[in-house]
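Reading the structure
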Amino acid sequence: MFKPEEECAAHAVKTFTEFNTFFMHCSRRFQQVTGEKLGTAQRTEYDREFQDLCNRVDKHAFWANMLTSKVELVLQPNPAYRFEDFVTEKLGNEREIRHTYTEQLGICMLNAGSDMSSSDYGQALLIMGDYENRMGEAEHKMIKQAFIKFVKPFMDAAAKEGAINNERRTLTALRLDLDAAKNRVRAAKTADEMKELETFVDEAQKKFDEQYEICREVLEERDQANAEMVVHLEDLCEVQVEYFKAATELAQEMCSKVLNRPTKGKAPVRKRKDSSSDEE
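The notes below deal with the structure included here.

Some words on helix α3 (residues 79-90)
- Taking 1.5 Å of rise per residue, the 12 residues of α3 would be expected to cover 16 Å, and the 17 Å separating its terminal C-alpha atoms lies within 8% of that figure.
- One side-chain oxygen of the residue at the start of α3 lies 2.9 Å from the amide nitrogen of A80, identifying that residue as N78.
- In the segment just after α3, G92 is the residue with positive phi, at about 80°.

Thoughts on the environment of F200
- Relative to the helices and strands, F200 is located in helix α7 (residues 191-227).
- Residues F200 and A181, 19 residues apart in the sequence, show an inter-C-alpha distance of 6.4 Å.

Considerations on the side chain of E103
- Within the element layout of this structure, E103 appears in helix α4 (residues 101-115).
- Although buried, E103 forms no salt bridge, and the nearest oppositely charged side chain, R98, lies 11 Å from it.
- Of the polar contacts made by the side chain of E103, one reaches the backbone nitrogen of T100; its length is 2.8 Å.
- Among all residues touching E103, those that are not within four sequence positions of it are R98, E132, N133, G136, E137 and H140.

A word on the environment of A157
- Here A157 lies in helix α5 (residues 120-159).
- Given a relative accessible area of 12%, A157 falls into the buried group.
- Put simply, A157 and A64 are 93 residues apart on the chain and 9.1 Å apart in space, counted from C-alpha to C-alpha.
- If sequence neighbours within four positions are ignored, A157 has contacts with R222 and M229.

Things to note about the packing of helix α2 (residues 48-75) against helix α6 (residues 161-186)
- Direction vectors running N to C along α2 and α6 enclose 145°, while the axes themselves pass 13 Å from each other. The handedness of the crossing between α2 and α6 comes out as left-handed. Residue-level contacts link F50, C54, V57, D58 and A61 of α2 to E161, R168 and L171 of α6.
- Grouping the amino acids of the contact of α2 with α6 by side-chain chemistry returns 5 nonpolar, no polar and 3 charged.

Overview of the packing of aromatic side chains
- Under the definition given, this model contains 8 aromatic pairs.
- An angle of 65° between the planes, with centres 5.2 Å apart, marks the rings of Y46 and F50 as edge-to-face.
- For the ring pair Y46 and Y212, a centre distance of 5.8 Å and an interplane angle of 45° mean the geometry is tilted. Of the two residues, Y46 sits in the loop between α1 (4-38) and α2 while Y212 sits in helix α7, which places them 166 residues apart along the sequence. Comparing Y46 with Y212 shows no difference in burial state: the two are buried.
- Three or more aromatic residues joined by ring pairs form one cluster here, namely Y46, F50, F208 and Y212.
- The ring of Y131 carries R134 above its face, with NZ or CZ at 4.6 Å from the centroid.

Considerations on the pattern of salt bridges
- In total, this model carries 12 salt bridges according to the counting rule given.
- The salt bridge involving E203 is made with K207; its shortest N-O contact spans 3.6 Å. Here K207 and E203 lie together in helix α7, a separation of 4 residues that amounts to about one turn.
- Classification of K207 by relative accessible area gives partly exposed; the value is 43%.

A word on a negative patch on the surface
- Residues E49, D209, E210, E213, E217 and E220 make up a contiguous surface patch of negative charge.
- Here the element with the most residues in the negative patch is α7; it accounts for 5 residues.
- Following the sequence through the fold, E220 ends up in helix α7.

Criteria and thresholds
- Residues numbered from 1 in each chain as written.
- Predicted model: local features only at pLDDT ≥ 70, side-chain atom pairs only at ≥ 80, totals over all residues.
- Heavy atoms only, no water.
- Helix = DSSP H or I, 4+ residues; strand = E, 2+ residues; numbered from the N terminus.
- Expected span 1.5 Å × (residues − 1).
- Polar contact = N/O pair within 3.5 Å; in protein donor to acceptor, adjacent residues only side chain to side chain.
- Buried < 20%, exposed > 50% of the residue type's maximum accessible area, 1.4 Å probe, protein only.
- Lys, Arg positive; Asp, Glu negative; His and termini not counted.
- Salt bridge = Lys/Arg side-chain N within 4 Å of Asp/Glu carboxyl O.
- Contact = heavy atoms within 4.5 Å.
- Axes fitted to C-alpha atoms, helices over the stretch in contact; angles between N-to-C directions.
- Left-handed = near helix turned anticlockwise from the far one by under 90°.
- Nonpolar A, V, L, I, M, F, W, Y, C, P; charged D, E, K, R; others polar.
- Phe/Tyr/Trp six-rings, centres within 6.5 Å; stacked < 30°, edge-to-face > 60°.
- Lys NZ or Arg CZ within 6 Å of the ring centre and 35° of its normal.
- Patch = residues over 30% accessible without salt bridge, like charges linked within 9 Å, V, L, I, M, F, W, Y side chains within 5 Å.
- Areas by Shrake-Rupley, 256 points an atom, 1.4 Å probe, with all protein chains shown as cover.
- Charge placed at Lys NZ, Arg CZ, Asp CG, Glu CD.

Set out below in structure tokens:
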């Protein structure tokens, strides 16, 4: 049975051994990277098909992020609200429902028209305010649908990029271990030393090959999913067509109502003083 002092000593030795192993791995990886940069160390190259797969996934991730940010800019021009929505999404809550700028304009016109309802100007404001508010509601519907059908799917796909990048970083680390082991074999001075170091190469090669296949499978799955994302572009097109069609119809109807309002051309009735009474 170990005494507390012996247990502490054993734990310290284990910790030191693990740290020393980790440090040696990091040191060899750093030396390998430096050698590759200087052209003094050989490296294992990925096959062309794998490289093309990585490039396609990287390009899609880059442009997906750019497109999503631009669409969000169109849907919500206010940067403070966009940041608030971003934090809300990260916390797992639903976004706050706000009046669009068109709805705010409509509400303002309705309030102004109500305050001046006895005049032709006030009646025109009431008509326009009603239609601007309805166009704002159509815009609000478009924003909601565009987020659900386009922005959200792309955000969900971007959230999965972290796991893919972790697999690729692991592959890079194992590739550096493999190449460092190979370079140590090349630098061996005796046959016995070379034979001993070759066991490390075999072990590193096995780990690299296994991770290589894992990365390939993950990237192929991501590449296929990226190709299917085009359906969300189609959804965005349909959402915009529906909104602009509704907005155009409302705008034309608004214009007709304003131009043909019953109070148009009618001046407000004003009471005038009787001149004969003034003379008296």
